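# Understanding the architecture of this molecule
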Amino acid sequence: MSNLVVHFEIHASEPQALIDFYGQLLGWTFTQFGDMPYWSIDTGDGAIGMNAPGNGINGGLTQRQGPAPERGGPVNGCNVVVGVDGSIDELFQKGLDLGASEALPLADMQGIGRVGYLLDPDGNVFGLISPVLSDGSVAMGGG
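I will try to describe carefully the structure that is included in this document. (Residues numbered from 1 in each chain as written. Predicted model: local features only at pLDDT ≥ 70, side-chain atom pairs only at ≥ 80, totals over all residues. Heavy atoms only, no water.)

### Comments concerning the overall build of the chain
Where we set the bar: Helix numbers and strand numbers start at the N terminus; a helix is a DSSP run of H or I with at least 4 residues, a strand a run of E with at least 2. We call two residues in contact when some of their heavy atoms are within 4.5 Å. Accessible areas in this description were obtained via Shrake-Rupley with a 1.4 Å probe; residue shielding takes into account the shown protein chains only. The positive count covers Lys and Arg only, the negative count covers Asp and Glu only, and His and the chain ends enter neither. Where a charge sits is defined by one atom per residue type, namely NZ (Lys), CZ (Arg), CG (Asp) or CD (Glu).
On a plain count of helices and strands, the chain comes out with two helices and eight strands. Traced from its N-terminal end to its C-terminal end, the chain shows the element sequence β-α-β-β-β-β-α-β-β-β. A principal-axis box enclosing the C-alpha atoms of the chain has dimensions of 45 × 40 × 25 Å. Counting contacts in the chain only where the partners sit at least 6 residues apart, residues at least 24 apart contribute 49% of the total. Only carbon and sulfur atoms are counted for the fraction: they give 53% of the accessible area of the chain, which is about 8800 Å². The chain carries 4 positive and 16 negative side-chain charges, and their two centres are separated by 5 Å.

Right, here's the structure in full:
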């Protein structure tokens, strides 16, 4: 058996603020588990489901149990990188408009794609990646 990543979690000081942010930015939907401060995240069509193969994963959002990450500090844990359909430049800007800040600017990585990182409104770092470079050529997996 492979040791594949099948779930991710985002920690939030103010869960509703990040539910709103990721819902508006990426179209993710959130479902709370009863009265628990935990929400499942449905990232959309094509994600792995119970006994269903997929190309992506779903996750969860939980109440943070301590202070938010220190701005400018190193990543403590893992971060999520989201594959982008459409214009990564427009989505990156939309994230900024919704209250994110730039962690690493968008840049073309030959053989990989166009990649950039944002800090969500609570200081969690996440990446955006597209196989389409800034000149419109496809770096990976394209024909």
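### What to know about the sheet that holds strand 5 (residues 80–83)
We apply this condition: Pairing between strands is defined by DSSP: at least two bridges between the two strands are required. Every angle, taken between N-to-C directions, lies between 0 and 180 degrees, and every axis is a line fitted to C-alpha atoms, over only the stretch in contact when it is a helix.
With mixed pairing, the four strands of this open sheet are ordered in space as 5-8-7-6. Only two strands of the sheet have a single partner each, and these edge strands are strand 5 and strand 6 (101–109). Ignoring strand direction, the axes of neighbouring strands in this sheet form an average angle of 20 degrees. Pairing analysis gives six bridges linking strand 7 (residues 113–119) to strand 8 (residues 125–130), with the strands arranged antiparallel. Pairing of arginine 114 across the sheet is with serine 130, part of strand 8. Against the sheet, helix 2 (residues 88–97) contacts strand 6, strand 7 and strand 8, and its axis sits at roughly 175 degrees relative to strand 6.

### A closer look at the sheet that holds strand 3 (residues 38–42)
Taken in spatial order, the four strands of this open sheet run 1-4-3-2, and their pairing is mixed. Both outer strands of the open sheet, strand 1 (7–12) and strand 2 (29–32), are each paired with one neighbouring strand and no more. Within this sheet the neighbouring strands show an average axis-to-axis angle of 25 degrees, counted without direction. Relative to strand 4 (residues 58–63), strand 1 runs parallel, the two sharing six bridges. Counted as the bridge partner of histidine 11 is threonine 62 from strand 4.

### So, the pattern of salt bridges
To be explicit about the condition: In the sections that follow, a salt bridge refers to a side-chain nitrogen of Lys or Arg positioned within 4 Å of a carboxyl oxygen of Asp or Glu. Each residue's exposure class comes from its accessible area (1.4 Å probe, protein chains only) as a fraction of the maximum for that residue type: buried when under 20%, exposed when over 50%, partly exposed otherwise.
Considering all chains together, one arrives at three salt bridges under this definition. Of the charged contacts, one joins arginine 114 and aspartate 89 as a salt bridge, the two residues approaching to 3.0 Å between their closest N and O atoms. In this pair, arginine 114 is assigned in strand 7 and aspartate 89 in helix 2, connecting sequence segments 25 residues apart. Residue classification places aspartate 89 among the partly exposed positions, given a relative accessible area of 38%. One salt bridge connects aspartate 108 with arginine 114, and the closest N-O pair in it is separated by 2.9 Å.

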